[in-house]
Amino acid sequence: MSDPVPGTEERVPAGPGVKLSSAQGRWIVAATVLGSTMALLDSTVVNVALPRIGEDLGADLAVLQWTVNAYLVTLAGLILVGGALGDRFGRRRIFVIGVLWFAAGSLLCGIAPNAGVLIAARALQGVGGALLTPGSLALIQGSIAADDRARAVGLWSGFGGVGAAVGPFLGGWLVDGPGWRWVFLLNVPVAAVCVPIALRHVPESRDPQAHGRFDVLGGVLGAAALALLTYALIEARSGSPLVIASAVGGVLLSAVFVYVERHRSDPMLPPDIFSSRQFTSVNIVTLFVYAAFGGFFFLVVLQLQVVSGFSALAAGASLLPATALMLLLSARSGALGEKIGPRIPLTVGPLLCAAGMLLMLRVGPQASYVKDVLPAMVVMGMGMVALVAPLTATVLSSVDPGRAGLASGINNAAARAAGLLAVAALPLLAGMGPDAYRSATEFDAAFGRAMLWCVGLLLAGAAVAWTTVRKPAPGPRCHPECHTFCATTAPPLEPPRTAKP
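Reading the values: rules and limits
Residue positions are counted from 1 within each chain, in the order its sequence is given. Owing to the predicted nature of the model, reporting of local features is limited to residues with pLDDT of at least 70; listing and counting of side-chain atom pairs is limited to 80 or more, with chain, interface and lining totals taken over all residues. Side-chain figures throughout are based on the complete set of non-hydrogen atoms in the structure, without hydrogens or water. Secondary structure counts use DSSP, requiring at least four H or I residues in a row for a helix and at least two E residues in a row for a strand, with both numbered from the N terminus. What a helix is expected to span follows from its residue count: subtract one and scale by 1.5 Å. Take the seven residues that end at a residue and the seven that start at it, fit an axis to each, and the angle between those axes is the bend at that residue. Under the scheme applied here, a residue whose accessible area is under 20% of the maximum for its type counts as buried, over 50% as exposed, and between as partly exposed, the area being computed with a 1.4 Å probe on protein chains only. Residues adjacent in sequence count toward polar contacts only when both atoms are side-chain atoms; beyond that, a polar contact is any pair of N or O atoms within 3.5 Å, and within protein one must be able to donate a hydrogen and the other to accept it. A patch consists of residues exposed above 30% relative accessible area that lack any salt bridge, with like charges linked at up to 9 Å and nonpolar side chains (Val, Leu, Ile, Met, Phe, Trp, Tyr) linked at up to 5 Å. Calculation of accessible area relied on Shrake-Rupley with a 1.4 Å probe; when residues are assessed, cover is drawn exclusively from the protein chains displayed. Salt-bridge detection follows one rule: a side-chain nitrogen of Lys or Arg within 4 Å of a carboxyl oxygen of Asp or Glu. To obtain each axis, a line is fitted to C-alpha atoms, and for helices this fit is confined to the stretch in contact; angles are then taken between N-to-C directions over 0 to 180 degrees. Put simply, angles under 35 degrees are roughly parallel, angles over 145 are roughly antiparallel, angles from 65 to 115 are roughly perpendicular, and the rest are oblique. Left-handed describes a crossing in which the near helix is turned anticlockwise from the far one by less than a right angle; the clockwise case is right-handed. Three classes are used, and their members are as follows: Ala, Val, Leu, Ile, Met, Phe, Trp, Tyr, Cys and Pro are nonpolar, Asp, Glu, Lys and Arg are charged, and the others, Gly among them, are polar.

Visitor: Where do I start with helix 4 (residues 115–143) in this structure?
Guide: One full turn of an α-helix is made of 3.6 residues, so residues set three or four places apart face in the same direction. In a regular helix each residue adds 1.5 Å, so 29 residues correspond to 42 Å; helix 4 covers 41 Å between its end C-alpha atoms and thus fits that length. The largest bend in helix 4 is about 30°, located at Ser136. In terms of burial, helix 4 is largely enclosed, as 24 of its 29 residues are buried. Sitting at the head of helix 4, Asn114 places a side-chain oxygen 3.2 Å from the backbone nitrogen of Gly116.

As structure tokens, this is what we get:
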């Protein structure tokens, strides 16, 4: 595996690259935006559809958890391997395979006759996402001319932000209109447009210095450990021997994963990167805050629909203020974090998010959007503005510049794994029964308990940031035009100026 870049941005090509002003340059950006938007939209629209999926398939809460988590298990476990495959076999090739794989998984989700098929198809979607997500930005970095790369990254991240904003609204409209299956089927025509553009207009690129074996064993062990732990948490109420065996197996596989990564010559997750105290600290903060975010966004759309009586469209639209604030203010937040250092933003951001979640406790039966939901989402959005861009920039600046791609890939995987475990654990911790989402009274009480757990996670993240994070030495930083959810997509860097970023 190539050491510097298993997850996001790659080495500069030997040639001059394609000008963004050319037709080919615009087609390259279009292909990468379409591919990354598929994965981004899917991660935001599915939550809105969960109540209708459960109703249509006669599913309990565990099925809804697996509908989210089956995707995250394979995505988090294999995303670093996906980046390395692009280095070796060609970024365009792996990107196209990922888009086709994702579309095939989406089609299976859309026609799934039962919950079991839906969950299996979601896992297949996650494999496709692990192939296409690293490749989308890597194609820009490997194809666009160096002096245009910053503008191309800005366009990529800007359109990604629009996708993040539109996702919940689009999901709600589809669920209330043609039905929840179109949340998945919509990806098929997008892929049908994306693949021909990529094959015709995007040049192939590789990392000529990629060498060594792929750490497929590490990826499989990581994904298997996450799957077993997730199963144990979701099914813990039964206390069956299978649940106990899954929990023990997940812990053992986690230990084996650590052992393998420490003793391989080409590990997916090199242990020495955690010798940077700053990098380790910021990833711990990431685990806490993205666990809270994962649990919150899984439960809040259920609360709004099951308890407050919102339609799917209204529930999805309710999340727009937080995304709009991210789009408008994240670039300024990143600049402020660079000026004053990350310690204050990484402390204040989680605290504001915690305040927003406490305000969500007011959202109950017949809640008013203006009086109850909007204030909570505005405070939540301001917390995310303060947190996300400085967190991403600090991750990238806390390691050697040659390992910035690896650092961002690890942080990406950490954020997704944290959300995965939160979606599995929070209903258990909050005392939600299998049919809780069918009872407004029961779900409302459990939602309040879950929000307190999320607040606790955010307070823990703020405490870690305040006590351990310091202003890093100058180094790679988030590009000024990056204003999307950098830590949950592939965080862009400023364009490399030498052969090795």
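Let us keep going from here.
Visitor: Quick question: what am I supposed to make of unusual backbone geometry here?
Guide: What you tend to see is this: most non-glycine residues have negative phi, and most peptide bonds are trans. Its identity as a non-glycine residue notwithstanding, Gln366 has a phi of 55°, on the positive side. By the secondary structure assignment, Gln366 is in the loop between helix 13 (343–359) and helix 14 (369–397). Exposure remark for Gln366: the relative accessible area of 76% places this residue in the exposed category.

Visitor: Would you mind going over a nonpolar patch on the surface with me for this structure?
Guide: Together, Leu336, Ile340, Ile344, Val348, Leu352, Val378, Met382 and Trp466 make up an exposed nonpolar region whose accessible area comes to about 640 Å². Within the residue set of the nonpolar patch, elements represented by two or more residues are helix 12 (320–340), helix 13 and helix 14. Ranked by the residues each element gives to the nonpolar patch, the list is headed by helix 13, at three residues. Its location among the elements puts Met382 in helix 14.

Visitor: Is there a simple way to think about the packing of helix 13 against helix 14 in this case?
Guide: To characterise two packed helices, one gives the angle between the axes of the helices and the distance between these axes. At a closest axis distance of 7 Å, the pairing of helix 13 and helix 14 adopts a crossing angle of 160°. Judged by the inter-axis angle, helix 13 sits roughly antiparallel to helix 14. Judged by the sense of rotation from one axis to the other, the crossing of helix 13 with helix 14 is left-handed. Of the residues assigned to the contact of helix 13 with helix 14, the class counts are 18 nonpolar, four polar and one charged.

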